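Architecture at a glance
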Amino acid sequence: MSQVKIKPFQQGRFFEDFSLNEEIKHGVPRTITEGDVSLYTALTGSMFPIYCANTVAKKCGFERTPVDNFLVFHIAFGKTVPDISLNAVANLGYAEGKFLKAVYCGDTLSVSSEVIGLKENSNGKTGIVYVHSKAINQHNQRVAEWKRWVMIHKKQSGNISPDYSLVPDLKSFDSQFESAIPNELSFQNFESQFTASALSLNDYSNDDWIDHGAGMTINDSDHSLATRLYQNNARVHFDAHLMESTNHKNRLVYGGHIISMARAMSFNGLPNALWLIGINGGHHLNPSYAGDTIYCASQILNKGELKDASNIGWLRVRTVAFKNQRATEGLNNLHRENEQWVLDFDYTLLMPKNLS
């Protein structure tokens with residue numbers, strides 16, 4: 001019997017395949033549907049009413065219910081995986097994320113990325129790739145953008161060139177985000193009954209910590225469905241057979257799912273922090289697996305009011321998440337050596353300045 005000839009499949013890029021300033025146009029545009037939104041709600045349990053009810057969305061100035069900006073982020077992020085992080089060791093961090101325009105069901109997202117940094121690691125086996133990704137809608141309007149860096153395997157061990165040593169200068173916080181606020185957004189007619197809470201900007205102080213209380217256990221089906229919803233085809237999330245031969249011994253939960261879980265749980269304590277306007281920074285500190293229970297807490301880093309904005313204030317929030325460790329215990333053990341610490345995330349939210 002003759003030997004079967006097998007054509008090689010798309011294996012994704014390795015570190016050596018990236019060039020500085022290269023623009024990558026990612027494939028497979030995605031039209032967001034009401035089914036996507038319903039599944040996202042089912043997987044996270046998010047309760048923020050601006051994304052749940054047309055009546056509330058209209059009270060806030062929108063024509064109808066917008067898509068949760070974290071769902072927009074995850075779907076757009078998923079477009080980048082085949083070209084950037086299919087061979088990733090780990091997604092290391094985020095910076096300078098902005099949500100520039102409301103997205104609605106029926107909108108189609110397309111994504112491109114620019115390589116803004118390359119750095120070889122001293123082990124000779126991996127390197128770090130920095131990219132600036134941008135998502136546009138069907139009208140060629142930019143709706144979201146972010147920068148991230150990811151550790152990626154090399155094809156061959158050994159150093160390539162001293163030219164692979166550029167680390168971009170990334171802002172830790174951009175206070176000039178007023179231009180990114182949707183023109184239609186207003187909290188002038190927002191009512192406390194929508195969340196059964198009258199908490200507003202004036203009820204928070206810098207350096208306050210909020211324990212969001214109950215945990216959420218990751219089911220195998222939850223994280224698998226979530227990653228498929230985003231069309232994130234990184235093998236570490238899907239291929240159990242492959243992962244059995246690694247140190248992890250199991251599939252990794254996509255870090256973005258942890259972000260969305262933490263955001264959903266933050267409703268207990270931040271119920272009226274309604275609109276995600278920016279991602280300032282973030283790190284996935286340790287892996288999570290199916291069966292882990294996630295707890296989280298948030299620190300108020302800063303707050304402010306927006307001029308000429310209809311009852312809109314902003315909170316800069318740091319949310320930390322722990323696996324199999326309650327937030328009160330985790331906060332007393334807040335250092336990198338704590339293997340239960342899985343997320344450290346810095347983002348900016350908009351909320352009413354005053355509620356009666």
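Not measured: the values here are computed from a predicted model.

Re the confidence of the model for the protein
Confidence in the prediction of the protein, expressed as mean pLDDT, is 91, and 96% of residues score 70 or more. Across the protein, the element-wise mean pLDDT spans from 80 in strand β7 (residues 165-166) up to 98 in strand β2 (residues 30-31).

As for the pairing of strand β5 (residues 126-136)
Across the 11 residues of β5, 9 count as buried, placing the element largely inside the fold. Pairing geometry for strand β4 (residues 108-120) and β5, over 10 bridges, is antiparallel. For Ser 110, the partnering residue across the bridge sits in β5 and is Ile 136. Joining the antiparallel neighbours β4 and β5 is a turn of 5 residues, in which Gly 124 adopts a positive phi near 75°. Sheet topology note: the β5/strand β6 (residues 142-153) ladder contains 11 bridges and is antiparallel. The residue bridging Val 131 from the neighbouring strand is Arg 148, located in β6. What sits between β5 and β6 in their antiparallel hairpin is a turn of 5 residues, with Asn 140 showing a positive phi close to 65°.

Considering the side chain of Ser 85
Residue position: Ser 85 is located in the loop between α3 (69-84) and β3 (88-99). When near neighbours in sequence (up to four residues on either side) are disregarded, Ser 85 contacts Thr 80, Arg 148 and Val 150.

With respect to the packing of aromatic side chains
Inspection of every chain in the model, using the stated rule, returns 15 aromatic pairs. For the ring pair Phe 187 and Phe 190, a centre distance of 6.4 Å and an interplane angle of 70° mean the geometry is edge-to-face. Taking the relative accessible area as the measure of exposure, Phe 187 reaches 0% and is therefore buried. The class of Phe 190 is buried, set by a relative accessible area of 5%. With a centroid separation of 5.3 Å and an interplanar angle of 75°, the aromatic rings of Phe 190 and Phe 194 are classed as edge-to-face.

Section: the pattern of salt bridges
If charged atoms from side chains of opposite charge come close, those side chains can pair. On inspection of all chains with the given rule, the structure shows 12 salt bridges. Among the ionic pairs, Asp 17 bridges to Lys 155, the shortest N-O distance being 2.9 Å. In this pair, Asp 17 is assigned in the segment before β1 (23-25) and Lys 155 in the loop between β6 and β7, connecting sequence segments 138 residues apart. Residue Lys 155 is classed as exposed on the basis of its relative accessible area of 52%. The partner of Arg 142 in a salt bridge is Glu 145, with the nearest N and O atoms 3.1 Å apart.

Some remarks on α3
The end-to-end C-alpha separation of α3 is 22 Å, in line with the 22 Å expected for 16 residues at 1.5 Å each. One side-chain oxygen of the residue at the start of α3 lies 2.8 Å from the amide nitrogen of Phe 70, identifying that residue as Asp 68.

Digging into the environment of Tyr 40
As for its placement among the helices and strands, Tyr 40 is situated in helix α1 (residues 34-44). In this structure the C-alpha to C-alpha distance between Tyr 40 and Leu 229, which are 189 residues apart in sequence, comes to 8.1 Å. Setting aside residues no more than four positions away along its own chain, Tyr 40 makes contact with Gly 45, Asp 68, Phe 70, Leu 71, His 74, Leu 229, Tyr 230 and Ser 260.

What about the pairing of β4?
For β1 and β4, the ladder comprises 3 bridges, and the chain directions are antiparallel. Looking across to β4, one finds that Ile 24 is bridged to Ser 113. Note: β2 against β4, 2 bridges, orientation antiparallel. Paired with Thr 31 across the strands is Thr 108, a residue of β4. By the bridge criterion, 2 bridges tie β4 to β7 in an arrangement that is antiparallel. In the strand pairing of β7, Leu 118 is matched with Leu 166.

About the thresholds
Each chain has its residues counted from 1, running along the sequence as written. Only residues with pLDDT of 70 or above have their local features reported here, since the model is predicted, and side-chain atom pairs are shown and tallied only from 80 upward, although totals for entire chains, interfaces and linings are computed over all residues. Values shown for side chains rest on all heavy atoms present in the structure; no hydrogens or waters enter the calculation. Along the chain, pLDDT gives the predictor's confidence residue by residue, from 0 to 100. Per the convention used, a helix needs a DSSP run of H or I reaching at least four residues, while a strand needs a run of E reaching at least two, with both numbered from the N terminus. Exposure classes here rest on a 1.4 Å probe applied to the protein chains alone. A residue is buried below 20% of its type maximum, exposed above 50%, and partly exposed in between. Following DSSP output, two strands are said to pair if at least two bridges run between them. It only takes one pair of heavy atoms within 4.5 Å for two residues to be counted as in contact. Side-chain rings of Phe, Tyr and Trp (the six-membered ring for Trp) are treated as a pair once their centres are within 6.5 Å; stacked means planes under 30 degrees apart, edge-to-face means over 60, and tilted covers the remaining angles. Counted as salt bridges are all cases of a side-chain nitrogen of Lys or Arg within 4 Å of a carboxyl oxygen of Asp or Glu. A helix's residues, less one, multiplied by 1.5 Å, set its expected span. Counting of polar contacts relies on pairs of N or O atoms within 3.5 Å, with two restrictions inside protein: one atom must be capable of donating a hydrogen and the other of accepting it, and residues adjacent in sequence are counted only when both atoms are side-chain atoms.

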